[in-house]
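Commentary on secondary and tertiary structure
The lines below spell out each chain.
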Amino acid sequence: MAEELEEGGAERAEPGVPTWLGCSSKEVSIGMPAGPVLPRPAQELCVIPFSVLDLAPIAEGATPADAFRNSLELAQRAEEWGYGRFWLAEHHNMPGIASAATAVIIGHVAGGTKTIRVGAGGVMLPNHAPLVIAEQFGTLASLYPGRIDLGLGRAPGTDVPTTRALRRDSKSTGEDFPRDVLELQSYFEPAEPGQKIRAVPGAGLRVPIWLLGSSLFGAQLAAMLGLPFAFASHFAPADMMQALHLYRSGFKPSKQLNQPYAMLGVNIIAAATDAEARRLFTSHQQAFTLLRRGTPGQIPPPIDDIETYWSPAEKAMASQSLACSVVGAAKTVERGLNEFIEITKPDELMIAALIYDQAARLRSYEIAAEVQERLGAEERKVRVPAGV
């Protein structure tokens, strides 16, 4: 999630707005059949937990300090609205993203909230020594016991020159990721007598670890290690269905988790009307296009006509990458989310909303929480398994 699904009937949706509106549930827009997806184990009808993915976005004309205040306000409101987690993602050298020092901002948010789980979605482990991450998150877990999550990704979260500057060691690559995960896990185990290297704090805390991914690799590794898995479908949906199948079918129980637990990212841009939501979404569409042009910037204000902004090729790329987006008024969002959940059967949804205006962003998350309540009104709540 550090770095989205539309059905085959996508031509009925508004031009340039990838949503689940008006689509059948037989085939996703990227051409991949909706099945097979194994059902959530030991669950019948359930209220799907909703969580928040935040990048501490810096709106055009704002500062990182503004972004940090906005993120804390969002976390406090999300806690009130019943969201389960508030995750921040590591990015570097991005003018519009302030969450580079991820553990620091996690501490800021956890200190300003009371019950919501706060974590990394995620830390890009190849950028760091596993011991350092164990110490950082051991510190956080000691300060905020029972509230800290550690999501791990193997992407750099930046461009190639910045990656080199971060890692210093040119031999450090994502190929070491499985070994680094195991090393990190070991630091959270109780220290053995005579153990030469230990995380202080960290040893014995067993901070819940998640694996993040936008490809099949992460799904297979999470299944093999028996860890919860979060798929970055909010920006890279192409392998989502196959990744879910591989994860669920190949899952091996572990000390942390006895059954598979899959979280999916989805963009929700909600407002009073469909038209207003579509306009708000243009900030995300512009930001995505700027990134692909190699000119990332601060989060731009919305515009009236996105079609005049991008080329046909840029539109096609954005529409595919942002296909797991539900954009509209409350009823539209409810319809789109219901279909998305029916097809993908996630255990949890991680909601992203890259919106320029803070008040509009707060209202979007509030509407999503209201939709979750309606979706679950006639369903039976189930217990989230231990280990997540």
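A brief report on the enclosed structure follows. (Residues numbered from 1 in each chain as written. Predicted model: local features only at pLDDT ≥ 70, side-chain atom pairs only at ≥ 80, totals over all residues. Heavy atoms only, no water.)

Another aspect to go through is the environment of Gly250. Mapped onto the secondary structure, Gly250 falls in helix 7 (residues 240-250). A relative accessible area of 32% places Gly250 in the partly exposed class. Sequence separation between Gly250 and Ala219 is 31 residues, and the spatial gap between their C-alpha atoms is 9.0 Å. (Helix = DSSP H or I, 4+ residues; strand = E, 2+ residues; numbered from the N terminus. Buried < 20%, exposed > 50% of the residue type's maximum accessible area, 1.4 Å probe, protein only.)

According to the stated counting rule, one finds six aromatic pairs in the structure shown. When the ring of Trp87 is compared with that of Trp210, the centres are 5.2 Å apart and the planes differ by 85 degrees; the resulting orientation is edge-to-face. Taken together, the residues Trp87 in strand 2 (residues 85-88) and Trp210 in strand 5 (residues 209-213) connect sequence positions 123 residues apart. Like Trp87, the residue Trp210 is buried in the burial classification. On the basis of an interplanar angle of 40 degrees and a centroid distance of 5.4 Å, the ring pair of Phe229 and Tyr247 is categorised as tilted. Residue Phe229 is found in strand 6 (residues 229-231), and its partner Tyr247 is found in helix 7; the two are separated by 18 residues along the sequence. Of the two residues, Phe229 and Tyr247, neither departs from the other in class, the shared state being buried. By way of ring pairs, the aromatic residues Phe229, Phe231, Tyr247 and Phe251 are connected into one cluster. When the ring centre of Phe217 is taken as origin, the NZ or CZ atom of Arg154, which lies over that ring, is 3.9 Å away. (Phe/Tyr/Trp six-rings, centres within 6.5 Å; stacked < 30°, edge-to-face > 60°. Lys NZ or Arg CZ within 6 Å of the ring centre and 35° of its normal.)

Here the focus is unusual backbone geometry. Gly121 connects to Gly122 through a cis peptide bond whose omega is 5 degrees. Assignment of secondary structure puts Gly122 in strand 3 (residues 117-124). In the Ramachandran plot, Asn93 falls in the positive-phi region, its phi being about 55 degrees despite a non-glycine side chain. Here Asn93 is to be found in the loop between strand 2 and helix 2 (102-111). Note on Asn93: relative accessible area 56%, which makes it exposed. Backbone geometry places Lys345, a non-glycine residue, at a positive phi of 50 degrees. Mapped onto the secondary structure, Lys345 falls in the loop between helix 10 (330-344) and strand 9 (348-352). In this structure Lys345 comes out as partly exposed when scored by relative accessible area, which is 32%.

Attention now goes to the pairing of strand 4 (residues 148-153). Most of strand 4 is tucked away: six of the six residues are buried. Of the two faces of strand 4, the one holding Ile148, Leu150 and Leu152 and the one holding Asp149, Gly151 and Gly153 are both buried throughout. By the bridge criterion, five bridges tie strand 3 to strand 4 in an arrangement that is parallel. Across the sheet, residue Val118 finds its bridge partner in strand 4, namely Ile148. (Pairing = 2+ DSSP bridges.)

Moving on to the pairing of strand 1 (residues 50-54). Burial analysis of strand 1 places five of its five residues in the buried class, which makes it a mostly covered element. Along strand 1, one buried face is formed by Phe50, Val52 and Asp54 and the opposite face, lined by Ser51 and Leu53, is buried too. Across four bridges, strand 1 lies against strand 9 in parallel orientation. Bridge pairing links Ser51 to Met350 in strand 9. Note: strand 1 against strand 2, three bridges, orientation parallel. Following the sheet pairing, Val52 is matched in strand 2 by Phe86. With helix 1 (residues 64-81) bridging strand 1 and its parallel neighbour strand 2, the resulting β-α-β unit is right-handed. (Right-handed = clockwise from strand over helix to strand, strands pointing away.)

Turning to the pattern of salt bridges, a few remarks are in order. Applying the stated criterion across every chain, the model contains 15 salt bridges. Note that Arg85 and Glu348 form a salt bridge whose closest N and O atoms lie 2.8 Å from each other. Of this pair, Arg85 sits in strand 2 while Glu348 is found in strand 9, placing the two residues 263 residues apart along the sequence. Linking Glu307 and Lys315 is a salt bridge whose minimum nitrogen-to-oxygen distance equals 3.4 Å. Take Glu307: its relative accessible area is 32%, and that puts it in the partly exposed class. Residues joined in a network through salt bridges with shared partners are Arg85, Arg117, Asp149 and Glu348. (Salt bridge = Lys/Arg side-chain N within 4 Å of Asp/Glu carboxyl O.)

What follows is about the environment of Val118. Along the chain, Val118 falls in strand 3. Between the alpha carbons of Val118 and Val52 there is a distance of 9.5 Å; along the sequence they are 66 residues apart. Beyond its immediate chain neighbours, meaning those up to four positions away, Val118 contacts Phe86, Trp87, Ile106, Val109, Ala110, Thr113, Arg147, Ile148 and Asp149. (Contact = heavy atoms within 4.5 Å.)

A general tendency of soluble globular proteins is for nonpolar side chains to be buried together. One finds Tyr83, Phe137, Leu150, Leu152, Leu337 and Leu349 to be the most contacted residues of the largest nonpolar core, which totals 99 residues. Per-element tally for this core: the top contributor is helix 11 (residues 358-375), with eight residues. In contact with Phe137, other than residues within four places in its own chain, are Ala103, Ile106, Ala120, Val123, Ile148, Asp149, Leu150, Phe188 and Val207. (Core = buried A, V, L, I, M, F, W, Y, C linked by side-chain atoms within 4.5 Å.)

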